Amino acid sequence: MRPGRLELPLAVSVGDPAGIGPEIIGKAWEARRSARLAPFFAIGDIASFAPHWNGPVIRIDDPADTLEHFDNALPVIHLHNCISVVPGRPDLDGAHCAFQALEMAVGFARAGSTAALVTGPVSKSQLYAVGFTHPGQTEFIAERCGIAKNNAVMMLAGPDLRVVPMTTHIPLAEVAGKLDGRLIRQRLRATAKGLQRNFGIMNPRLAVAGFNPHAGEAGNMGREELDIFEPAIEQIKAEGFNVIGPLPADTMFHAEARAHYDAALCAYHDQALIPLKTIYFHEAVNITLGLPVVRTSPDHGTAFGIAGENKALPYSMIAAIKMAESAALHRLAAADCG
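Here's a quick rundown of the structure. All figures in this text were calculated on a predicted structure; none of them were measured in a lab. (Residues numbered from 1 in each chain as written. Predicted model: local features only at pLDDT ≥ 70, side-chain atom pairs only at ≥ 80, totals over all residues. Heavy atoms only, no water.)

### Regarding the packing of aromatic side chains
Two aromatic rings are characterised by how far apart their centres lie and by the angle between their planes. In the structure shown here, the tally under the stated rule is seven aromatic pairs. With centroids separated by 5.2 Å and ring planes inclined at 80°, the aromatic side chains of Phe99 and Phe132 adopt a geometry described as edge-to-face. Pair noted here: Phe99 is in helix H3 (residues 92-111) and Phe132 is in the loop between helix H4 (124-129) and helix H5 (137-144), with a separation of 33 residues, a long-range link. Where Phe99 meets Phe140, the ring centres are 5.7 Å apart and the plane angle is 80°; that geometry is what we call edge-to-face. Of the two residues, Phe99 sits in helix H3 while Phe140 sits in helix H5, which places them 41 residues apart along the sequence. For Phe140, a relative accessible area of 0% puts it in the buried group. An aromatic cluster of three or more residues is present, and its members are Phe99, Phe132 and Phe140. The aromatic ring of Trp29 is capped on one face by Arg32, whose charged end is 3.7 Å from the ring centroid. Geometry around Phe199 places Arg162 over its ring, the cationic atom sitting 4.6 Å from the centre. (Phe/Tyr/Trp six-rings, centres within 6.5 Å; stacked < 30°, edge-to-face > 60°. Helix = DSSP H or I, 4+ residues; strand = E, 2+ residues; numbered from the N terminus. Buried < 20%, exposed > 50% of the residue type's maximum accessible area, 1.4 Å probe, protein only. Lys NZ or Arg CZ within 6 Å of the ring centre and 35° of its normal.)

Following this line, the structure appears as structure tokens:
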């Protein structure tokens, strides 16, 4: 039976304080009642909220203090060595703050002090300048959790569409060389398990998009589907997974098609993200599968160009907080049944 509420709060790392992270977190707190959000606390420079958002904040020192203050103010665990930055003007101080907030948030999640982790948007170029060596926050969190980077799978989710890119941030010219049967099987297994653990879908239906136009047209437009995709899918189906494909990608994402699967696995980044962002641009959530902790994030960047102008929409952050709560509840329910 699924529990109705979490006993622990959610941790939200602010991300780059020069971006819209403080604003959308503050606006999410404002929507806490109308959106029925679980209690959460932010981690970052408490002074970074004032230039973005004029709501009430309160400094806390322990995640456990969140429940006492959440109704009246946004609880913030302040990072002492951060220096306030100017909205829209990223610098190394802000990057250090974002890095430290992420590390602290992961530590709380691993220690069991929080029910889930929500990460605010960061600037990778700024993080690289202060010694961050990972491709992104996902890989950093996976390493801190002792998970091989290939086993941490990025899923982008909206209300009725979930997509998993089997390859992510690599040039399109390199995609064909990265796709092989092992990778496809690995992504399919991780996605199925992630849907079970985080969404409570016990018999997930997976659809695989082909790599070539028209899914290769029986080999006339490329042989990847025949030589790589079909054998991998047949092996996965023999293990008991519910998988269809490879399918032509251009007919997979209309409403009628989406009703026949719980997640679509796509060959490359844009094949997955273009339909998701077209349909759910303001509501999309990035959830990482394969981790021992629940991690979500808004599916957008720092938006330095509008930071501090009260223009940022909080919907993706609100959706990320709600999905983190839901995933944590599903995991608790599974543990109770186990």
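### Focus: the pattern of salt bridges
When the charged atoms of two side chains with opposite charge come close together, those side chains can pair. Counting across every chain of the model gives ten salt bridges. Two residues, Glu23 and Lys27, come together in a salt bridge whose shortest N-O distance is 2.6 Å. Taken together, the residues Glu23 and Lys27, both in helix H1 (residues 21-30) and four residues apart, mark about one turn of the helix. Taken as a pair, Glu23 and Lys27 share a single burial class, namely buried. The partner of Glu103 in a salt bridge is Arg144, with the nearest N and O atoms 2.7 Å apart. Remark: Arg144 occurs in helix H5 and Glu103 occurs in helix H3; sequence separation between them is 41 residues. On the basis of relative accessible area, Glu103 is assigned to the partly exposed category, the value being 36%. Here the salt bridges share partners, and the residues they tie into one network are Glu103, Glu143 and Arg144. (Salt bridge = Lys/Arg side-chain N within 4 Å of Asp/Glu carboxyl O.)

### Focus on the pairing of strand E9 (residues 242-247)
Remember that side chains alternate between the two faces of the sheet whenever the strand is regular. Pairing geometry for strand E8 (residues 205-209) and E9, over four bridges, is parallel. Residue Ala209 lies in a different strand from E9, and its bridge partner there is Leu247. On the question of chirality, the crossover connecting E8 to the parallel E9 by way of helix H8 (residues 224-238) is right-handed. (Pairing = 2+ DSSP bridges. Right-handed = clockwise from strand over helix to strand, strands pointing away.)

### Regarding the sheet that holds strand E2 (residues 40-44)
The strand order E3-E4-E2-E1-E5-E12-E11-E6-E7-E10-E8-E9 describes an open sheet built from twelve strands, whose pairing is mixed. Each edge of the open sheet is held by one strand with a lone partner, namely strand E3 (57-60) and E9. Ignoring strand direction, the axes of neighbouring strands in this sheet form an average angle of 30°. Across four bridges, E3 lies against strand E4 (residues 74-78) in parallel orientation. Among the inter-strand pairings, Ile60 is bridged to a residue of E4, identified as Ile77. This element, H1, spans strand E1 (10-13), E2, E4 and strand E12 (295-298) of the sheet and lies at about 165° to E2. (Axes fitted to C-alpha atoms, helices over the stretch in contact; angles between N-to-C directions. Contact = heavy atoms within 4.5 Å.)

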